[in-house]
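Residue-level listing of the chains:
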Amino acid sequence: MSLGLTAEKLRAAGIETVGVVATAVDRARRYFRYRPLRYLVGADPELATHRAFGVPRSRFTDEIFQVVTTRVDGLAREAGLAAPTGGGWEALDREDGINRDEYTADTEHHQVQLTAQFLLDRDGVIRWANVECARDGLEGLDRFPTDQELLAAARAL
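Quick summary incoming for the structure in this document. Values in this document were obtained by computation on a predicted structure and should not be read as measured data.

### A few points about the overall build of the protein chain
Step number 1: The number of helices and strands found in the protein chain is seven helices and six strands.
Step number 2: Its helices and strands taken in sequence order, the protein chain reads α-β-α-β-α-β-α-α-α-β-β-β-α from the N to the C terminus.
Step number 3: Each of the 157 residues in the protein chain was classed as buried or not, and the buried ones make up 33%.
Step number 4: By sequence separation, contacts in the protein chain at least 24 residues apart represent 51% of the contacts at least 6 residues apart.
Step number 5: About 10200 Å² of surface is accessible on the protein chain, with carbon and sulfur atoms providing 52% of the total.

Put into structure tokens, the structure is as follows:
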């Protein structure tokens, strides 16, 4: 998934993309130096926007940890990084020059903050929403709508 490419397709359809990340501004800036964006993004370390939009969060259970670890290992492999099973986080952090200890407080505070995508009209009314895990339970963890799904939802507005 590349939200940057999706944002360009949405922009061509007349829709602007805005992202919100759940970390401090300085950490977000450091991260996005490695992964530049093609859309606007704001940092919200207290998750006020997530709460305002009703995006759920959960405690880090063993089941969730196992699913997340498997997905992160997959991301590391997709990035061409050699990592043992369960070592995807370390490999990705090393590649990006990120010190995981700096994010420990965020992780402990936010636990498992699910993600969501919303299409709002010009008046700020939510016209379409996709909330992580809402349809597929843990199978939907880290699943992002396809470009086709987003564009179809945008056209239907």
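### Comments concerning the nonpolar core
Step number 1: By size, the foremost hydrophobic cluster in this structure holds 13 residues, and its most contacted members are I64, V68, A76, L81, L92, L114 and L141.
Step number 2: Apart from residues lying up to four places away in sequence, L92 is in contact with V72, L75, A76, A79 and L81.
Step number 3: If you look at the next biggest cluster of nonpolar residues, it comprises eight residues, including I15, F144, L151 and A153.

### Some details on the environment of I15
Step number 1: Mapped onto the elements, I15 comes out in the loop between helix 1 (3–12) and strand 1 (18–21).
Step number 2: If near-sequence neighbours (up to four positions away) are discounted, I15 is found in contact with A7, L10, L119 and A154.

Criteria and cut-off values
- Residues numbered from 1 in each chain as written.
- Predicted model: local features only at pLDDT ≥ 70, side-chain atom pairs only at ≥ 80, totals over all residues.
- Heavy atoms only, no water.
- Helix = DSSP H or I, 4+ residues; strand = E, 2+ residues; numbered from the N terminus.
- Buried < 20%, exposed > 50% of the residue type's maximum accessible area, 1.4 Å probe, protein only.
- Contact = heavy atoms within 4.5 Å.
- Areas by Shrake-Rupley, 256 points an atom, 1.4 Å probe, with all protein chains shown as cover.
- Core = buried A, V, L, I, M, F, W, Y, C linked by side-chain atoms within 4.5 Å.

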